[in-house]
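# Fold and contact review
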Amino acid sequence: MIKTLLPIALIGCIALNACQHDPFPPRIVEVEMEDTTGISDTTDISDTTGISDTLSNDQSCHPDTVYFQRDVLPLITANCANACHNPDGGNNGVILTDYANIIADGDIRAGDPEGSDLYEMITEDDVDKRMPPAPAAALSAEQIDLIRTWINQGALNNTCDFDSGSTDSADCDPSEVSFDSDITPIFESYGCISCHGGGSVILNNHAGVKTVADNGKLVGAINHQTGFAAMPQGGEKMDSCDIATIEKWVEEGSLDN
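Before going into details, it helps to say that this report is about the structure given with it. (Residues numbered from 1 in each chain as written. Predicted model: local features only at pLDDT ≥ 70, side-chain atom pairs only at ≥ 80, totals over all residues. Heavy atoms only, no water.)

What follows concerns the overall build of the protein. Within the protein, the secondary structure is distributed over 10 helices and four strands. When the helices and strands of the protein are listed from N to C terminus, the series reads α-β-β-β-α-α-α-α-β-α-α-α-α-α. Counting every position in the protein, which comprises 257 residues, the buried fraction comes to 46%. Split by element, the accessible area of the protein, about 12400 Å² in all, is 49% carbon and sulfur. (Helix = DSSP H or I, 4+ residues; strand = E, 2+ residues; numbered from the N terminus. Buried < 20%, exposed > 50% of the residue type's maximum accessible area, 1.4 Å probe, protein only. Areas by Shrake-Rupley, 256 points an atom, 1.4 Å probe, with all protein chains shown as cover.)

Okay, structure coming up:
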């Protein structure tokens, strides 16, 4: 497995706003895995255009399965892609914005977390080599375990019907919504705050959130409406109950409560 400039490059995203990575060579890995989750037990992964990135939908979510679209992509988007590893990040070709690029540029080896560059970087003990690079915080043990489990389960491009919230459901009754108790936790759960802590869109304080709430950008973004930058970036829409809660807060005046 090629290591080359990957660790140094990740630090450079912060220090120089330019990540330098050598591209990984074409590779195909076939992994036979015991089927304990109902997912396919054979995964063909290639780092070139031959990669099979067809999205599989398991319909109802299995509690023991980690889903790429629900669990992994929002995590990598918030902590890696938004900060550096995107087409505009000056990273010399290392893109982590979607499934195909994460598999190829993260050198993911299905069934082998320790043999995958992405996993090695997020578990690196040396803070100067770790991803995300300092001063960003390291991923939590729970977040690392999600990625490890996903790789062990075949590193599939899978999803499930995780948007179970409904404004008609007794479990979803957004009323008298609180910014501190309701809105901030929603943003935190989708990784929005780790990305939007500065710049033109600020979501780590009330003043910043109220700005995009009052000008309509917040509701447009979380509903993935045409003309708005979809949020979460690179992932599916938020749970419908979370969307309804944010919309209710905006309707009530975007209060600092």
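Turning our attention to the state of the cysteines. The final tally for this structure, using the stated rule, is one disulfide. Disulfide pairing is shown between Cys61 and Cys160; the S-S distance is 2.0 Å. Sign of the S-S torsion, about 90° for the bond between Cys61 and Cys160, identifies this disulfide as right-handed. Of the two residues, Cys61 is situated in the loop between strand S3 (56–57) and helix H2 (68–81) and Cys160 in the loop between strand S4 (158–159) and helix H6 (179–189); the sequence distance between them amounts to 99 residues. (Disulfide = S-S within 2.5 Å.)

Here the focus is the packing of aromatic side chains. Inspection of the entire model under this criterion finds three aromatic pairs. Relative to Tyr99, the ring of Phe68 lies with its centre 5.1 Å away and its plane at 85°, an arrangement referred to as edge-to-face. Of this pair, Phe68 sits in helix H2 while Tyr99 sits in helix H3 (residues 99–105), and the two are 31 residues apart along the sequence. Using a relative accessible area of 1% as the deciding quantity, one classes Phe68 as buried. Taken together, Phe68, Tyr99 and Trp150 form an aromatic cluster joined through their ring pairs. (Phe/Tyr/Trp six-rings, centres within 6.5 Å; stacked < 30°, edge-to-face > 60°.)

Another aspect to go through is the side chain of Asp239. Inspection of the secondary structure puts Asp239 in the loop between helix H9 (217–222) and helix H10 (240–251). Although buried, Asp239 forms no salt bridge, and the nearest oppositely charged side chain, Arg70, lies 9.5 Å from it. Within polar-contact distance, the side chain of Asp239 engages the backbone nitrogen of Cys241 at 2.8 Å. (Lys, Arg positive; Asp, Glu negative; His and termini not counted. Salt bridge = Lys/Arg side-chain N within 4 Å of Asp/Glu carboxyl O. Polar contact = N/O pair within 3.5 Å; in protein donor to acceptor, adjacent residues only side chain to side chain.)

Take the nonpolar core next. With 24 residues, the main nonpolar core has Phe68, Ile76, Ile102, Ile108, Ile122, Ile147 and Trp150 as its most contacted residues. Tallying contributions element by element places H2 first for this core, with six residues. When near neighbours in sequence (up to four residues on either side) are disregarded, Ile147 contacts Leu75, Ile76, Tyr119, Ile122 and Leu139. If you look at the next biggest cluster of nonpolar residues, it comprises 21 residues, including Phe187, Leu218, Met238 and Trp249. (Core = buried A, V, L, I, M, F, W, Y, C linked by side-chain atoms within 4.5 Å. Contact = heavy atoms within 4.5 Å.)

Another point: the pattern of salt bridges. Tallied over the entire structure, the rule returns three salt bridges. With a shortest N-O distance of 2.9 Å, Asp71 and Arg70 are connected by a salt bridge. In this structure, the salt-bridge partner of Arg148 is Glu114, at a minimum N-O distance of 2.5 Å. Of this pair, Arg148 sits in helix H5 (residues 141–152) while Glu114 sits in the loop between H3 and helix H4 (117–122), and the two are 34 residues apart along the sequence.

Omega for the bond connecting Met131 with Pro132 falls within 30 degrees of zero, at -5°, which places this linkage in the cis form. You can see Pro132 is positioned in the loop between H4 and H5. In the Ramachandran plot, Ser254 falls in the positive-phi region, its phi being about 50° despite a non-glycine side chain. Structurally, the position occupied by Ser254 is in the segment after H10. Judged by relative accessible area, which is 2%, Ser254 ranks as buried.

Count 3.6 residues to each turn of an α-helix, and residues three or four apart come out pointing the same way. Looking at helix H8 (residues 206–214), one finds that the buried residues are His206, Gly208, Val209, Val212 and Ala213. On an axial view of H8, the arc spanned by its buried residues comes to 165°, and they lie on one face. Among the exposed residues of H8, those oriented more than 90 degrees off its buried face are Ala207 and Asp214. Elements in contact with the buried residues of H8: H6, H9 and H10. (Arc of directions from axis to C-beta.)

Interhelical geometry of H2 versus H5 gives an angle of 130° and a closest axis separation of 10 Å. It follows that H2 is oblique to H5 by the angle criterion. Helix-helix and strand crossings are classified by hand; for H2 and H5 the assignment is left-handed. Across the interface between the two elements, Phe68, Asp71, Val72, Leu75, Ile76 and Asn79 of H2 pack against Gln143, Leu146, Ile147 and Trp150 of H5. (Axes fitted to C-alpha atoms, helices over the stretch in contact; angles between N-to-C directions. Parallel < 35°, antiparallel > 145°, perpendicular 65-115°, else oblique. Left-handed = near helix turned anticlockwise from the far one by under 90°.)

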